[in-house]
Amino acid sequence: MDAGLCGTRTEEREDFNHYPDEPLLNYDATLFVRMDSSLTTSDRSPLSGKSFALVKGYSYGGIDNELEADGMSRVEATGRESMIKLLTLGRVETVLDTTLPFLADARRLGVEDQVRPLLPSLAETPGYLFFSRKPGHETLADRFSKALTEFKTTPKFLAIKQRYGL
């Protein structure tokens, strides 16, 4: 393997990979509700006693465990599509997911206008395009980081961010 996409940076992973300084994107942990929900913010106090769905096996940096500790009940879905259906059918009050893939699947399913995020997001974690520790890849990671930093200042990047609601 020469590179990996959207990996989080940990000490253990840095033993095997070169990471650029500039993250490719940020993974967020966001709660989503139905459009008609009375919930308006991700403040945890009104969430106690409510349910949240997430895709079985996904981890959100411990946010899911914190929600349970705060009195929410977990419902595990077999995939994002089933999780979205649980929400839109009113079987759960919220779902926990990352904004970009959640909204992309909601759009694909034709329910984008039925759901909304509770803001602010509960957490954000940088995700990187990372490079294996092969000879020359440290230089490649540095060059990629500089190019990505420069690209993020362009109108084209701003248009991409606006298009996908980032």
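These numbers come from a predicted model, not from an experiment. (Residues numbered from 1 in each chain as written. Predicted model: local features only at pLDDT ≥ 70, side-chain atom pairs only at ≥ 80, totals over all residues. Heavy atoms only, no water.)

**Description of the side chain of N17**
Relative to the helices and strands, N17 is located in strand β2 (residues 17-18). Setting aside residues no more than four positions away along its own chain, N17 makes contact with M1, F130, F131, S132 and R133. (Helix = DSSP H or I, 4+ residues; strand = E, 2+ residues; numbered from the N terminus. Contact = heavy atoms within 4.5 Å.)

**Considering helix α5 (residues 137-151)**
Here α5 is 15 residues long and its end C-alpha atoms lie 20 Å apart, about the 21 Å a rise of 1.5 Å per residue gives. Buried within α5 we find H137, A141, S145 and L148. One face of α5 carries all of its buried residues, which in axial projection span an arc of 90 degrees. For α5, exposure combined with an orientation more than 90 degrees from the buried face picks out R143, K146 and E150. Where α5 is buried, its residues meet β2 and β7 (115-132). (Expected span 1.5 Å × (residues − 1). Buried < 20%, exposed > 50% of the residue type's maximum accessible area, 1.4 Å probe, protein only. Arc of directions from axis to C-beta.)

**Some details on the layout of surface pockets**
Over the atoms a probe the size of a water molecule is rolled, and this reveals where empty space is left. In this structure, the second largest pocket encloses a volume near 250 Å³. Around the second largest pocket sit 13 residues that line it, and Y27, S59, Y60, G61 and T125 are the ones nearest its centre. Secondary-structure elements contributing two or more residues to the lining of the second largest pocket are β3 (25-34) and β7. Of the residues in the lining of the second largest pocket, the class split is six nonpolar, five polar and two charged. (1 Å grid on protein atoms, 1.4 Å probe; cavity = no way out; pocket = protein on both sides within 12 Å on 5 of 7 lines; lining within 4 Å. Points joined across faces, edges and corners; volume = space filled by probe spheres on them. Nonpolar A, V, L, I, M, F, W, Y, C, P; charged D, E, K, R; others polar.)

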